[in-house]
Amino acid sequence: MLQGLYKFRFTTQRGTGCGVMFITADRLYGGDTGYSFVGSYTETDGVIAAEFRMSRHYYGPKYVPMFDVDDVAMTFTGTYRGDEVHFEGGSAALPGVRFTTVLTAINDIDAPPPGIVGPDGISNGLYSIHIRMLDGVDGGNSGVMMLHDGRIRGGDAFFDYIGAYTSANGKWKGELVNREHTPAKGERPLFGGHEVGIGFSGTYHDDGAEAEATALAGKRSIRFKADLRKLVGADV
């Protein structure tokens, strides 16, 4: 059954790209460094029909998008091939551009148990996350993060995140593991290819959250700040 955390790789005439997708019984929540993907799907006799919106969430000066669009509707049709799901589709807003996409499940069995969320805790949903390094370290990153009932699932073009959080009274804290789902090949040397444990704490509000975090990459301790913006609420 098509549920859980997946990585995707798409190919078009303009190039290739990767990201992550969190899938529930009938909904899709995902994204990459610059775009989010939110939609729904149905499955009949092994054929999956999906429709979603691709919306840009990052406008950093160094980010060059593959497509010069900010918000488009897309449709895809897919079938299972062994452990993978292969899709083809596109958008009327991108005439002549055909997407071939492969979904592969990401193992999250080692994720920590969900944390406790109070009645006024941070709201469930898909968030964009923008990272800025601290202590004079040059670098940063952006991606998407699914927060739901104390669980964290997310990632970007090269990394996936699995973790847990607690939240109450405007404050939250948690832990996650940052892993490389697709070789970055030096394009995102943020954590040097390590599987990285991260602890964080911060505050939240109706539209998003912020946190300061410490990552342990090998023998290095790296501090950074993360800003989250809620893209869409979710009950999954």
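Residues numbered from 1 in each chain as written. Predicted model: local features only at pLDDT ≥ 70, side-chain atom pairs only at ≥ 80, totals over all residues. Heavy atoms only, no water.

### A look at the overall build of the protein
So, step 1. Along the protein, the regular secondary structure elements total 0 helices and 16 strands.
So, step 2. Against the compact-globule benchmark of 18 Å for 236 residues, the protein has a radius of gyration of 17 Å, which places it among compact chains.
So, step 3. Principal-axis analysis of the C-alpha atoms places the extent of the protein at approximately 45 × 40 × 30 Å.
So, step 4. Residues counted as buried form 50% of the 236 residues belonging to the protein.
So, step 5. For the protein, long-range pairs separated by at least 24 residues make up 49% of all intrachain contacts whose partners lie at least 6 apart in sequence.
So, step 6. Total accessible area computed for the protein in this model is approximately 11,600 Å², and 50% of it derives from carbon and sulfur atoms.
So, step 7. A distance of 5 Å separates the average location of the 23 positive side-chain charges in the protein from that of its 29 negative side-chain charges. (Helix = DSSP H or I, 4+ residues; strand = E, 2+ residues; numbered from the N terminus. Rg over C-alpha atoms; globule rule 2.2 N^0.38 Å. Buried < 20%, exposed > 50% of the residue type's maximum accessible area, 1.4 Å probe, protein only. Contact = heavy atoms within 4.5 Å. Areas by Shrake-Rupley, 256 points an atom, 1.4 Å probe, with all protein chains shown as cover. Lys, Arg positive; Asp, Glu negative; His and termini not counted. Charge placed at Lys NZ, Arg CZ, Asp CG, Glu CD.)

### Side note on the sheet that holds strand β2 (residues 15–23)
In any sheet, the strands associate via hydrogen bonds between backbone groups, in a parallel or an antiparallel arrangement.
So, step 1. As summarised here, the arrangement of the 8 strands in space is β1-β2-β3-β4-β5-β6-β7-β8, forming a closed barrel in which the pairing is antiparallel. Here the average twist between neighbouring strands, direction ignored, is 30°.
So, step 2. Taken together, the 9 bridges between strand β5 (residues 47–56) and strand β6 (residues 71–81) define a ladder with antiparallel strand orientation. By the bridge assignment, Arg53 is partnered in β6 with Ala73. (Pairing = 2+ DSSP bridges. Axes fitted to C-alpha atoms, helices over the stretch in contact; angles between N-to-C directions.)

### Digging into the packing of aromatic side chains
So, step 1. Summed over the entire model, instances satisfying the criterion amount to 10 aromatic pairs.
So, step 2. Seen in terms of ring centroids, Tyr58 and Tyr63 are 5.7 Å apart; in terms of plane orientation they differ by 50°. Their pairing is tilted.
So, step 3. Between the aromatic rings of Tyr165 and Trp172, the centroid separation amounts to 5.8 Å while the plane-to-plane angle is 75°, which identifies the pairing as edge-to-face.
So, step 4. The exposure class of Trp172 is buried, given its relative accessible area of 4%.
So, step 5. Taken together, the ring pairs connect Phe8, Phe10, Phe37, Phe52, Phe67, Phe76 and Phe99 into an aromatic cluster. (Phe/Tyr/Trp six-rings, centres within 6.5 Å; stacked < 30°, edge-to-face > 60°.)

### Comments concerning the sheet that holds strand β15 (residues 208–217)
So, step 1. As summarised here, the arrangement of the 8 strands in space is β9-β10-β11-β12-β13-β14-β15-β16, forming a closed barrel in which the pairing is antiparallel. Looking at each pair of strands side by side, their axes are set apart by 30° on average, direction ignored.
So, step 2. Pairing of β15 with strand β16 (residues 220–233) involves 10 bridges; the strand directions are antiparallel. Of the residues in β16, the one forming a bridge with Thr214 is Arg223.

### What to know about the pairing of strand β1 (residues 4–12)
So, step 1. Where β1 meets β2, 9 bridges bridge the pair, whose relative direction is antiparallel. Following the sheet pairing, Thr11 is matched in β2 by Thr16.
So, step 2. A loop of 2 residues connects β1 with β2, the two strands running antiparallel in sequence.
So, step 3. Where β1 lies against strand β8 (residues 99–105), 6 bridges are found, and the strand directions are antiparallel. Across the sheet, residue Thr11 finds its bridge partner in β8, namely Thr100.

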